[in-house]
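What follows is the residue order along each chain.
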Amino acid sequence: MFITAKAQEAEATESEENIIMKLMGYKRENGRYGIRNHLLIIPASVCSSETAVNIAKLVDGAIAIPHQHGCCEIGDDFDTTKRTLVGFGKNPNVGAVLVVGLGCEGIQAKDIADEIKTTGKPVEYIVIQEEGGTAKTVSKGVEIAGKMAREISKQNKVEFDISEIILGLECGGSDPTSGLASNPSIGVASDMLVSMGGSSILSETTEVIGAEHLLYPRFEDENEGKKFLEMVKRVENRSIAAGHDLREGQPTPGNKAGGLTTIEEKSLGCMHKAGHSPFKGTLEYAEELPTNKKGLYFMDTPGQDIDSITGMVAGGAQVIVFSTGRGTPTGSPIAPVIKITGNSSTYNNMIDNIDINAGKIITEGVKLQDLGQELFDKIVDVCNGEMPKAEALGHREFGIFRTGFTY
Amino acid sequence: MQSALHIDEKDNLVTCLREIKKGETINIEGKDYTANADIPVFHKMAIADIKKGENCMKYGQIIGTATVDIHTGDYVHVHNCESTRGRGDRK
């Protein structure tokens, strides 16, 4: 007989405790460990994005993150954009950084570079208006980035403890199988990582609406718990204050076609990604997870997958697990994204995008604990260098969350 | 494989694990229920009467409110169950 996720979770044991697991990765100057060794070209603003892309095209292995932000933003949006760009540069999966600015934009290339430099990794910046146009900037950028690519290629992998890993938890294109199979599987894998001293980030504040009363008691610190509730209320109030019906955007048409009726139903499925571990605290969008206080965190990100993953990677996540019911191909520029679905039809339909089929829990009666272990093993392999499907197919979607206007 | 999943004893909804045809009778925890409409795979069926304005329950939690009287065996989705959260349209 099919056993519910809930019943299987009850069978979970604490046997993972005290297991020491070692991974192979790149040690950074600040003591953190990356599982990839990327050369990142960061445009300071939309105005320097194309130039950054052109530099990356000419240097093997370089990755640019073009975006639509960085100028004429104020308040929270200014801070969020800057924190995200700096966070991407600081992420331990990045070995070296070149920041490309136009010169007159709100967020200055030098400021981004200076903040990333606090990690000790190689960082340089160039400014289009100072270099004298696109051609000269691309030429100089390629010279700098080419040298960086050669330098980071000399770095060898070293052994490090799995407790150094920050895992980002995401779900997108959800259907009812997400809450029954794939998200609970992620919860098992996340609990395993946390029990070994590592960290996980639950995200997507919109998709907590209707489930916040179940997560709140799991915060160890009452103030952090209250902050979490405020984050959820803030999102709901944004919709109410604008006179909008949240149903216009959530659940999405695909969620509904799959069988999810309300945001509450979606949220009650989404929250299973956080397993049963206690929450250490809350993080603002793209805020760095404190490495001196590891464990499970909640980050205030939107339900939109790309913006959400971008926030967690900026917060330091080296690897993402992403559950999907309808199927989605998206990845991240610098962190491998592992896809898992609870829907066997979706797995077979989009087999070139999805790594793990948790639909076996529903169709074959595979135990949740076993599927969680399968996912955990995949996370370990991916940390050690195996490419998940999104990474192999070059999916590098990047999006910065915003709440205000462009001025 | 069972036809539908009743997650929590408080739930007045079940999740169909395969497509259920109108008029088809399925057994859930020893009790028979007849579907009043075609219900697609992973969509929900009511296993109790839910009056207009009453809560629709799944995972032992409230997932929304009935917008009409829902009868045992009814297909439950956006046409008869709605969210109560983030409703700026109700200001």
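Look up: the structure comes first, before these words.
Predicted, not measured: the structure shown is a model, and the values here were computed from it. (Residues numbered from 1 in each chain as written. Chains lettered and ligands numbered in written order. Predicted model: local features only at pLDDT ≥ 70, side-chain atom pairs only at ≥ 80, totals over all residues. Heavy atoms only, no water.)

Peer 1: Hey, could you go over helix α7 (residues 176-195) of chain A for me, with residue numbers and the actual values?
Peer 2: Three or four residues apart is the spacing at which side chains of an α-helix point the same way, because the helix has 3.6 residues per turn. Residues and elements named next belong to chain A. Taking 1.5 Å per residue as the helical rise, α7 with its 20 residues ought to reach 28 Å, and the 28 Å between its terminal C-alpha atoms agrees with that figure. S182 marks where α7 bends most, by close to 35 degrees; the proline P184 follows one to four residues later. Of all 20 residues in α7, 19 are buried; the element is thus mostly enclosed. Following α7 by one or two positions, G197 has its phi on the positive side, about 95 degrees. (Helix = DSSP H or I, 4+ residues; strand = E, 2+ residues; numbered from the N terminus. Expected span 1.5 Å × (residues − 1). Bend = angle between axes of the 7 residues up to and from the residue. Buried < 20%, exposed > 50% of the residue type's maximum accessible area, 1.4 Å probe, protein only.)

Peer 1: Residues and numbers for unusual backbone geometry, please.
Peer 2: The peptide bond linking A:Q250 to A:P251 adopts the cis configuration, its omega dihedral lying at -10 degrees. The topology assignment puts A:P251 in the loop between α9 (222-241) and α10 (253-258). Positive phi values are uncommon outside glycine, yet B:E29 reaches one of about 50 degrees. Within the secondary structure, B:E29 is located in the loop between β3 (25-28) and β4 (31-34). Positive phi, close to 70 degrees, is recorded for B:F42, a residue that is not glycine. Counting through the fold element by element, B:F42 comes out in the loop between β4 and β5 (44-46).

Peer 1: Give me the lowdown on the interface of chain B and chain A, citing residues and values where you can.
Peer 2: Counting residues at the interface gives 30 residues for chain B, matched by 38 residues for chain A. In total, chain B and chain A occlude about 2,800 Å² of area from one another, counting both sides; carbon and sulfur atoms represent 58% of this. The three residues of chain B that bury the most area against chain A are B:F42, B:Y59 and B:R85, which together make up 26% of that side's buried surface. In this structure, the connection of chain B to chain A is made through six salt bridges. Connecting chain B to chain A are 21 residue pairs in polar contact (both at pLDDT 80 or more). (Contact = heavy atoms within 4.5 Å. Buried area = accessible area lost by both parts, 1.4 Å probe. Salt bridge = Lys/Arg side-chain N within 4 Å of Asp/Glu carboxyl O. Polar contact = N/O pair within 3.5 Å; in protein donor to acceptor, adjacent residues only side chain to side chain.)

Peer 1: Quick rundown of the nonpolar core? Include the residues and the values.
Peer 2: Ranked by size, the top nonpolar core spans 65 residues in total, and within it A:I165, A:V319, A:L375 and A:I379 carry the most contacts. If you look at the next biggest cluster of nonpolar residues, it comprises 40 residues, including A:F88, A:I116, A:I201 and A:I309. (Core = buried A, V, L, I, M, F, W, Y, C linked by side-chain atoms within 4.5 Å.)

Peer 1: Explain the packing of α7(A) against helix α15 (residues 368-383) of chain A residue by residue, including any values.
Peer 2: Residue and element names in this part refer to chain A. The contact between α7 and α15 brings their axes to 8 Å, and the two run at 60 degrees. For the element pair α7 / α15, the angle class is oblique. Crossing hand, α7 versus α15: right-handed. Taken together, the residues of α15 that come into contact with α7 (itself represented by A181, P184, S185, I186, V188, A189, M192 and L193) are L368, Q369, L371, G372, Q373, L375, F376 and I379. A per-class count over the contact of α7 with α15 returns twelve nonpolar, four polar and no charged. (Axes fitted to C-alpha atoms, helices over the stretch in contact; angles between N-to-C directions. Parallel < 35°, antiparallel > 145°, perpendicular 65-115°, else oblique. Left-handed = near helix turned anticlockwise from the far one by under 90°. Nonpolar A, V, L, I, M, F, W, Y, C, P; charged D, E, K, R; others polar.)

Peer 1: Tell me about the packing of aromatic side chains, residues and numbers included.
Peer 2: Residue and element names in this part refer to chain A. The final tally for this structure, using the stated rule, is seven aromatic pairs over all chains. Note on F228 and F298: the rings are 5.0 Å apart at their centroids and 80 degrees apart in plane angle, and the pair reads as edge-to-face. Of this pair, F228 sits in helix α9 while F298 sits in strand β11 (residues 296-299), and the two are 70 residues apart along the sequence. Take F298: its relative accessible area is 0%, and that puts it in the buried class. (Phe/Tyr/Trp six-rings, centres within 6.5 Å; stacked < 30°, edge-to-face > 60°.)

Peer 1: How would you summarise the packing of helix α3 (residues 75-90) of chain A against helix α4 (residues 109-117) of chain A if you had to cite specific residues and measurements?
Peer 2: Residue and element names in this part refer to chain A. Following both chains from N to C, one finds α3 and α4 inclined at 45 degrees, their axes separated by 9 Å at the closest point. The angle between α3 and α4 places the two elements in the oblique class. In the crossing of α3 with α4, the sense of the turn from one axis to the other is right-handed. Here K82, L85, V86, G89 and K90 of α3 come into contact with α4, specifically with D111, I112, E115 and I116. When its residues are assigned to classes, the contact of α3 with α4 shows four nonpolar, one polar and four charged.

Peer 1: Quick one: what's the story with the side chain of A:S178, residue by residue and with numbers?
Peer 2: Residue and element names in this part refer to chain A. Checked against the element boundaries, S178 lands in helix α7. Using a relative accessible area of 1% as the deciding quantity, one classes S178 as buried. Excluding anything up to four places from it in sequence, S178 contacts N183, P184, S323, T324 and G325.

Peer 1: Any details on the sheet that holds strand β7 (residues 61-66) of chain B? Residues and values, ideally.
Peer 2: Residues and elements named next belong to chain B. Spatial strand order, β6-β7-β9: three strands in an open sheet with antiparallel pairing. In the strand order of this sheet, the two ends are held by β6 (55-58) and β9 (81-82), each with one partner. Where β6 and β7 come together, four bridges link them in antiparallel fashion. Paired with N55 across the two strands is T65, which belongs to β7. (Pairing = 2+ DSSP bridges.)

Peer 1: Give a detailed account of the pattern of salt bridges, specifying residues and quantitative values.
Peer 2: For the structure shown, the criterion picks out 33 salt bridges over all chains. Two residues, A:K22 and A:D161, come together in a salt bridge whose shortest N-O distance is 3.4 Å. Here the residue A:K22 occupies a position in strand β1 (residues 22-27), and A:D161 occupies one in strand β7 (residues 158-161), the gap between them amounting to 139 residues. Among the residues examined, A:K22 registers a relative accessible area of 43% and is labelled partly exposed. Salt-bridge contacts for A:E374 lead to A:K360; the nearest nitrogen and oxygen are separated by 3.2 Å. Highlighted residues: A:E374 in helix α15 and A:K360 in helix α14 (residues 360-363), separated in sequence by 14 residues. Of the residues examined, A:E374 reaches a relative accessible area of 32% and is grouped as partly exposed. It is possible to trace a salt-bridge network through shared partners that takes in A:D245, A:R247, B:E82, B:R87, B:D89 and B:R90.

Peer 1: Please set out the state of the cysteines residue by residue, giving values where relevant.
Peer 2: All names here are of chain A. Considering all chains together, one arrives at zero disulfides over all chains under this definition. Note on C72: no disulfide assigned, nearest cysteine sulfur contributed by C71 at a separation of 3.7 Å. Among the residues examined, C72 registers a relative accessible area of 39% and is labelled partly exposed. As a non-bridged cysteine, C270 has C171 as the owner of its nearest cysteine sulfur, 3.3 Å distant. (Disulfide = S-S within 2.5 Å.)

Geometry only, nothing functional implied.
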